[in-house]
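Chain by chain, the residues run as shown.
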Amino acid sequence: MEITYSLFDPSGNTTILVETPVPVEDQPAVASALMNVEPSAEQVGFVSAPAQSGCDIDLRMAGGEFCGNATMSAAAYMTMRSGAIPKQGDLIGVTVRASGSKGPVTVALKAETDTAYYGSVIMPRPRSIDDAPFSVTGDGRKPVIVRFDGIAHVILERPAPDSEKGRARAEALARSWCDALGTEAIGILFFERHKLRLTPLVYVPAAGTTCWESACGSGTTAIGAYMADRTGKPVDITVKEPGGSLNILSLEDGTLQMSGTVRFLKQETVTL
């Protein structure tokens with residue numbers, strides 16, 4: 001099977017977007033094969049012509065989850081495929097029907113070059129923000145779970161483990177908690193609040209992937225929602241992540257807008 005895909009870099013969260021039609025039931029296997037072809041890639045999405053009016057492009061992640069960085073990448077892909085050659089500073093609006101989101105997602109792009117953009121996404125609202133039904137600190141404190149459609153994020157206010165043993169334990173916890181919480185995907189967010197530093201670990205069972213991500217859009221949104229919920233105040237913070245930084249901003253209606261850079265890297269066709 002020949003597969004054509006484009007590779008994007010949204011704040012280091014390298015994303016493969018597949019444009020060849022692939023049946024949903026085959027997408028996890030194709031995603032796994034492509035991540036072997038592109039070892040730097042952290043996730044795979046499948047783009048297609050919109051199935052409903054009012055949208056510019058459809059995006060389905062390999063595990064059916066929502067991903068803000070992939071949504072920005074899909075918007076950049078759509079802009080480049082349109083044939084328009086934006087000038088630096090041009091503003092472009094794209095509406096994406098994304099998996100894991102109940103409604104269309106609006107993306108605003110500002111052209112930096114003809115292959116790089118600064119993007120802003122109105123992120124889906126969390127379904128809930130609650131204390132976890134378990135403790136992992138040993139001192140009685142419980143982490144917080146921020147649930148979105150398609151993914152739940154567990155926030156641990158501590159540095160990420162730096163040893164192989166510690167990372168393996170975190171990966172095992174992700175798999176265990178995903179099953180226990182009955183969620184389609186899970187993120188464990190190691191968050192150092194005083195440094196605004198985030199290290200995300202994401203497990204997507206349908207795609208068979210466990211990844212220490214360079215940046216995580218839904219995870220960053222979870223941090224913004226968590227901080228707004230706990231302080232009772234709007235947020236406007238830039239979160240430092242292993243691959244770059246993402247900004248999360250509260251809008252007047254209470255929604256959260258995530259912003260960051262997205263760059264097109266290349267297009268390839270491979271035989272799987």
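What you are looking at is a predicted structure, and each value in this text was computed from that prediction instead of being measured. (Residues numbered from 1 in each chain as written. Predicted model: local features only at pLDDT ≥ 70, side-chain atom pairs only at ≥ 80, totals over all residues. Heavy atoms only, no water.)

(A) Main features of helix 3 (residues 164–181). Between its terminal C-alpha atoms helix 3 stretches 26 Å, which fits the 26 Å expected from 18 residues at 1.5 Å a residue. Listing the buried residues of helix 3 in full gives Ala170, Ala174, Trp177, Cys178 and Leu181. Buried residues of helix 3 fall within an arc of 105° about the axis and therefore sit on the same side. Counted as exposed and oriented over 90 degrees from the buried face of helix 3: Glu164, Lys165, Arg169, Asp179 and Ala180. Tucked into the core, helix 3 has its buried residues touching strand 9 (144–148), strand 10 (151–156), strand 11 (186–192), strand 12 (197–204) and strand 13 (209–212). (Helix = DSSP H or I, 4+ residues; strand = E, 2+ residues; numbered from the N terminus. Expected span 1.5 Å × (residues − 1). Buried < 20%, exposed > 50% of the residue type's maximum accessible area, 1.4 Å probe, protein only. Arc of directions from axis to C-beta. Contact = heavy atoms within 4.5 Å.)

(B) Inspection of the packing of aromatic side chains at higher detail. Counted by the stated rule, this structure contains three aromatic pairs. With 4.5 Å between their ring centres and 20° between their planes, Phe134 and Trp177 make a pair best called stacked. Of the two residues, Phe134 is situated in the loop between strand 8 (128–131) and strand 9 and Trp177 in helix 3; the sequence distance between them amounts to 43 residues. The buried category is assigned to Phe134, whose relative accessible area is 17%. Relative accessible area serves as the criterion here: at 7%, Trp177 is assigned to the buried category. On the numbers, 5.8 Å between centres and 20° between planes, the contact of Phe190 with Trp212 is stacked. Of this pair, Phe190 sits in strand 11 while Trp212 sits in strand 13; the two residues are 22 residues apart in sequence, bridging distant segments of the chain. Taken as a pair, Phe190 and Trp212 share a single burial class, namely buried. The cationic tip of Arg167 hangs over the ring face of Trp212; the distance from NZ or CZ to the ring centre is 4.1 Å. (Phe/Tyr/Trp six-rings, centres within 6.5 Å; stacked < 30°, edge-to-face > 60°. Lys NZ or Arg CZ within 6 Å of the ring centre and 35° of its normal.)

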